[in-house]
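Structure at a glance
Here are the chains, one letter per residue:
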Amino acid sequence: MASKPSNDRYLFKNNAADNHRLDRQFHIYQKFFDKGPVTLAGFLDEKRVNKVLDVAAGSLAWTLDVARSTDPSMVELHACDIAADNFPPTSVIDAFSINTFIHDATQPFPEEMKGQFDVVNMRLLVYAFSEDQWKKALKNICEVLRPGGHLFLFDYDIVWFNGAETDPNLTAPWLSSLNRMFLKQAQATGYVISLSESLPDMLAEASFAVKEQVSCRCPFGMTAKTCLSVNGASLAGDEDFTGEMAQMITTRLSTGALAGGYLEDNSGKPITTEAGRLQWIEKYNKEIGIHGVTIQGTQITAIRV
Ligand SMILES: C[S@@+](CC[C@H](N)C(=O)[O-])C[C@H]1O[C@@H](n2cnc3c(N)ncnc32)[C@H](O)[C@@H]1O
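Residues numbered from 1 in each chain as written. Predicted model: local features only at pLDDT ≥ 70, side-chain atom pairs only at ≥ 80, totals over all residues. Heavy atoms only, no water.

1. Examining the sheet that holds strand S2 (residues 75-81)
Backbone hydrogen bonds hold the strands of a sheet together, and the pairing may be parallel or antiparallel. The strand order across the open sheet built from seven strands is S3-S2-S1-S4-S5-S7-S6, with neighbouring strands paired in mixed fashion. Each of the sheet's edge strands pairs with one partner strand only, and the pair in question is strand S3 (99-102) and strand S6 (208-220). Across this sheet, the average inter-strand angle for adjacent strands is 15°, counted without regard to direction. Two strands pair when backbone bridges link them, and S6 and strand S7 (residues 293-304) are joined in this way by twelve bridges, in the antiparallel orientation. The residue bridging Gln213 from the neighbouring strand is Ile300, located in S7. (Pairing = 2+ DSSP bridges. Helix = DSSP H or I, 4+ residues; strand = E, 2+ residues; numbered from the N terminus. Axes fitted to C-alpha atoms, helices over the stretch in contact; angles between N-to-C directions.)

This is the structure in structure tokens:
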């Protein structure tokens, strides 16, 4: 019997309760870029049923948004993930006739899927893939797209900021300390530090042409009170939820940093105990709660050439 696929690099694995978070954050992230429901208008061939695939689909937030906002006679929806943990109940999947399947995106897709899809979506793998895994996944996606088919990507960079500043060396001292941990984590795991800069080259290598890239500084926590969307709309209102997300990320990363032996305090002294980690995380999560952070997010539309 084939073994169950898994990705040890994925930071949020084994958390079935993540589906509510994934659903809610999807709609918030759409707001950062002034995007409403995903209609796929302009990306579908009007003369036939179009095949659409959501890769690493999580709770199927994107797939369900497409299902609810696109003429169902125009699309055949498919969604895959390395694990079904966050998939919605079968009744929901069946109600929208979505074909779900388990698949590790770093492995080639089944032969019968090659060249079949008009649109592929993949979002939020920053804490799941090394550069090598990104390259493999993009190559595999390229193989399942028809020539001229579109790939939508959305992801974040690793380093966090206080606001709109562009130089990571200019962040407040408490945030510099967090960023040092993030960079050590990226070194240890292979996470790509700046997907907004690296993805265009990786896409070109995988035979994609970038049609559009929009990047913006996305607010998590109190920064949402002052940060605006790409088109200048207010983003106030989700501060508590996004602040808690930022705190959840630092908490999970700190566990990995302690296990990996590279958690250290502000003066560079190693933290080696769970009690020390808890004390450290409490201090930094308090700062996140008070100030919030911004993170560079990027949306890319690419075409299989
Ligand atoms: C942060 S979640 C994002 C889910 C969804 N794309 C969204 O935007 O809400 C990352 C997802 O990637 C999946 N994943 C991690 N490694 C993967 C791999 N090698 N192949 C396919 N899915 C993977 C995880 O199981 C998880 O559902």
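2. Quick notes on the layout of surface pockets
Of the volumes computed, that of the largest pocket is approximately 940 Å³. In terms of lining, the largest pocket is formed by 49 residues, of which the most central are Tyr10, Ala56, Asp81, Leu124 and Leu125. At the level of elements, helix H1 (18-32), strand S1 (50-55), helix H2 (61-69), strand S4 (117-123), strand S5 (145-161) and helix H7 (239-260) are the ones that each hand at least two residues to the lining of the largest pocket. It is H1 that provides the largest number of residues to the lining of the largest pocket, a total of six residues. Split by residue class, the lining of the largest pocket holds 27 nonpolar, twelve polar and ten charged. Looking at the second largest pocket, it is lined by 19 residues, and the ones nearest its centre are Lys35, Val38, Phe152, Gln299 and Thr301. Within the residue set of the lining of the second largest pocket, elements represented by two or more residues are S4, S5 and S7. Here the lining of the second largest pocket is built from residues that sort into ten nonpolar, six polar and three charged. (1 Å grid on protein atoms, 1.4 Å probe; cavity = no way out; pocket = protein on both sides within 12 Å on 5 of 7 lines; lining within 4 Å. Points joined across faces, edges and corners; volume = space filled by probe spheres on them. Nonpolar A, V, L, I, M, F, W, Y, C, P; charged D, E, K, R; others polar.)

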